[in-house]
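Geometric and topological summary
Chain by chain, the residues:
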Amino acid sequence: MSEDAVEEETTTLRALGIRVRQGARDLLPTTSLTLSGGEVAVAVGPPGGGHTSLALALAGRLRLDAGRVDLDGDATPRSLQAAVALVDVPGVSEPDEMVPFRTILGEELAMAKHRPSAAAIDRWLGEYDLATDITTEAVPPGPRLEILGRMASLRPGTRFLVLTYPERLGLPVEDWLDVAYDLAGAGQRPGVLVTASRAAVIPTGVPTFTIGPTEEA
């Protein structure tokens with residue numbers, strides 16, 4: 001097999017019957033999904049902790065009570081943590097709303113092993129016509145999601161992105177799907193999973209999974 005063929009191989013992230021419990025309560029009801037590099041998929045479920053728990057489970061950051069998450073068969077938390085980046089996840093990777101957004105950009109650049117210089121940060125802000133002193137809460141939802149997603153995709157080893165419940169930012173489905181497809185088509189072509197409410201109308205053709213058992217189950 002040529003080197004080019006090896007480079008074109010697709011990485012796949014699989015969650016098979018994963019479940020997380022806290023006492024008698026499900027933090028994450030039994031859920032299964034498959035996502036490949038360069039693909040966009042949506043996981044739908046009711047608002048609540050299931051969205052965050054799914055993100056943490058896929059990234060190898062949450063102990064499972066049942067099921068398995070693996071990356072091309074590798075289920076070690078270390079491999080999952082290196083490959084799956086969590087974008088703007090409430091209570092996990094969500095930036096502090098009152099902090100200057102340039103501070104957030106500096107932290108993200110450092111995580112991506114890029115020099116967080118003032119000039120580099122200004123270039124990012126300028127690309128989106130954002131004021132140099134803008135606070136995180138003042139950044140429009142679309143640019144916020146896109147910038148944080150792009151920053152996460154720059155981290156060494158990132159193969160998948162999880163965008164958790166962007167509806168909470170006020171973004172309509174078509175807007176966050178556009179961001180997801182742009183992220184999936186850039187750079188290393190990461191797989192992008194977006195979680196959404198059951199009320200979201202997902203276009204035909206977009207792979208969609210359910211957080212929790214399907215109605216048929």
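**Some words on the pairing of strand β3 (residues 40–44)**
Along β3, five of the five residues are buried, which leaves the element largely enclosed by surrounding structure. Bridge count for β3 against strand β7 (residues 191–196) is five bridges, and the pairing is parallel. Each bridged residue has a counterpart across the sheet, and for Ala43 the counterpart in β7 is Thr195.

**A word on unusual backbone geometry**
It is generally the case that most residues other than glycine have a negative phi and that most peptide bonds are trans. One non-glycine residue, Asp72, lies in the positive phi region at around 50 degrees. With respect to the secondary-structure elements, Asp72 resides in the loop between β4 (66–71) and α3 (77–83). Its relative accessible area of 45% is what places Asp72 among the partly exposed residues. Unusually for a residue other than glycine, Asp88 sits at a positive phi of about 55 degrees.

**Considerations on the confidence of the model for the chain**
In the predicted model, the chain carries a mean pLDDT of 92, and 94% of its residues have values of at least 70. In the predicted structure, residues 1–7 sits below a pLDDT of 50 and forms two contacts with residues beyond four places in sequence or in another chain.

**What to know about the sheet that holds strand β1 (residues 12–22)**
Taken in spatial order, the three strands line up as β2-β1-β4 in an open sheet, and their pairing is antiparallel. Every interior strand has two partners, whereas the edge strands, β2 (25–36) and β4, have only one. The mean inter-strand angle of the sheet, taken between neighbouring strand axes irrespective of direction, is 15 degrees. Relative to β2, β1 is paired through eight bridges, and the arrangement is antiparallel. In the sheet register, Arg14 faces β2, and the bridge partner there is Thr34. Taken strand by strand, helix α2 (residues 49–58) contacts β1, β2 and β4, and its axis lies near 55 degrees from that of β2.

Thresholds applied
- Residues numbered from 1 in each chain as written.
- Predicted model: local features only at pLDDT ≥ 70, side-chain atom pairs only at ≥ 80, totals over all residues.
- Heavy atoms only, no water.
- Buried < 20%, exposed > 50% of the residue type's maximum accessible area, 1.4 Å probe, protein only.
- Helix = DSSP H or I, 4+ residues; strand = E, 2+ residues; numbered from the N terminus.
- Pairing = 2+ DSSP bridges.
- pLDDT = per-residue confidence, 0-100.
- Contact = heavy atoms within 4.5 Å.
- Axes fitted to C-alpha atoms, helices over the stretch in contact; angles between N-to-C directions.

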